[in-house]
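Secondary and tertiary structure notes
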Amino acid sequence: MKNKPTLALLSCDTPKQIFDSLEALGFSVCPLSRDLRLPKPVSSHADMLIFPLGDRVFCSEGYFNDNKATFERLEEYGYRVIKCKVVPSDTYPYDIPFNLVYIKEHIIGKINFTASEIISYAQDKGIGLISVNQGYTKCSTLTLGENAVISADSCISAAAEKLGLSCLKIKNSPSAVTLKGYDYGFIGGACGVFGHKVYFAGNIERHPDFLQIKDFCNIFNYELISLCNTQLTDIGGITFLPPLR
């Protein structure tokens, strides 16, 4: 395997300080451009645009065609890009075909509105499908490996508990995570996990449930890293993709 830095895919609208912090930590930042078919405030959010699963990255065919250079970069890293026929729109729940959580050999999401290619792949590989009412599943969930999740959403917590996962229930509020154009953002959209470190788009210590989050992450040996000193911002999450070749 060539010595390439791990990619950090995130919204092109992310504050520059976060880009700089990730690069200083050794990641290769890959900004994602907007898909104008999606609601404007989240149109460049990774958790709305792509769904990575193993060595595959699923995206809409339209977004692929508009951003071939980005996906060629992923292919150079050894990922197989799967172009899906779905055409996302700016109306919920038709904006969430890729907003999914993969954990413990299961995909959690609003399955009826998931890209059909993802469902077919999961069924072919024996990956379980768990449908929940919260369509913004990835946005709403911080996953800690195969062990635990943090979320403010009761249906996500219930699904995780059925898989035998530990769950920390937190609260959504404007003082917790901000998202321009909405009343508030979500914890999953304000961070990314790589190795045993959780990287936050903002200062996690400013979250009202910081102490509970810190103690919970400590149980599973995860370190919390704040990428800047502002309030946490939902940027659509940070998707880390290490080189496969």
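In short, a report on the structure. Numbers given for residues are sequential positions, taken from 1 along each chain in its written order. The predicted nature of this model means local features are confined to residues of pLDDT at least 70 and side-chain atom pairs, given and counted, to a pLDDT of 80 or more, with totals for whole chains, interfaces and linings taken over all residues. In computing side-chain properties, one takes all heavy atoms of the structure into account and sets aside hydrogens as well as water.

**Some thoughts on the sheet that holds strand β7 (residues 106–109)**
Going by this rule: Here, strands pair whenever DSSP counts at least two bridges between them. Helix numbers and strand numbers start at the N terminus; a helix is a DSSP run of H or I with at least 4 residues, a strand a run of E with at least 2. As a rule, the C-alpha atoms of each element are fitted with a line to give its axis, helices using only the stretch in contact, and angles between N-to-C directions run from 0 to 180 degrees.
Taken in spatial order, the three strands of this open sheet run β6-β7-β8, and their pairing is mixed. Strands with a single pairing partner mark the edges of an open sheet, and in this sheet they are β6 (101–103) and β8 (128–131). Averaged over neighbouring strand pairs, the angle between their axes works out to 25 degrees when direction is ignored. Pairing of β7 with β8, which is carried by four bridges, proceeds in the parallel orientation. When the bridges of β8 are listed, Ile107 appears paired with Leu129.

**Points about the sheet that holds strand β12 (residues 191–194)**
Taken in spatial order, the three strands line up as β12-β13-β14 in an open sheet, and their pairing is mixed. This sheet does not close on itself; its edge strands, each paired only once, are β12 and β14 (223–226). Each adjacent strand pair in this sheet contributes to an overall mean axis angle of 25 degrees, direction not counted. Pairing between strand β13 (residues 197–200) and β14: four bridges, direction parallel. By the bridge assignment for β14, Lys197 is matched with Glu223.

**Some points on the packing of aromatic side chains**
Any aromatic ring pair is given by two values, namely how distant the centres are and how the planes are angled relative to each other. Under the convention used in this document: Centres within 6.5 Å make a pair out of two Phe, Tyr or Trp rings, where for Trp the six-membered ring is used; the pair is then stacked when the planes are under 30 degrees apart, edge-to-face when over 60, and tilted otherwise. Look at NZ for Lys and CZ for Arg. If either is within 6 Å of the ring centre and within 35 degrees of the ring normal, a charge sits over the ring.
Within this structure, the stated rule accounts for 13 aromatic pairs. For the ring pair Tyr94 and Phe113, a centre distance of 5.4 Å and an interplane angle of 85 degrees mean the geometry is edge-to-face. Taken together, the residues span a long stretch of sequence, with Tyr94 in the loop between β5 (80–84) and β6 and Phe113 in the loop between β7 and α5 (116–125) at a distance of 19 residues. Here the aromatic cluster, defined as three or more aromatic residues joined through ring pairs, consists of Phe27, Phe194, Tyr199 and Phe240. One cation-aromatic arrangement involves Lys4 over Tyr77; the distance from NZ or CZ to the ring centre is 5.0 Å.

**So, the state of the cysteines**
The test is simple: Note on terminology: pairs of cysteine sulfur atoms within 2.5 Å are recorded as disulfides.
Scanning the model with the defined rule gives zero disulfides in all. In this model Cys59 remains outside any disulfide bridge; the closest cysteine sulfur is found in Cys84, 6.6 Å from its own.

**Focus on unusual backbone geometry**
Following Tyr92, the chain continues into Pro93 via a peptide bond in cis, with omega recorded as 5 degrees. Tracing the backbone shows Pro93 in the loop between β5 and β6. The backbone phi angle of Lys104 is positive, close to 50 degrees, even though this residue is not glycine. Counting through the fold element by element, Lys104 comes out in the loop between β6 and β7.

**So, the pattern of salt bridges**
Defined as follows: A pairing counts as a salt bridge when a side-chain nitrogen of Lys or Arg comes within 4 Å of a carboxyl oxygen of Asp or Glu.
Considering all chains together, one arrives at six salt bridges under this definition. Of the charged contacts in the structure, one is a salt bridge between Arg34 and Asp13, with a shortest N-O distance of 2.5 Å. Within this pair, whereas Arg34 is found in the loop between β2 (28–32) and α2 (46–49), its partner Asp13 is found in the loop between β1 (7–11) and α1 (16–24), the two being separated by 21 residues in sequence. Salt bridges sharing partners connect three or more residues here, namely Asp35, Arg37 and Asp66.

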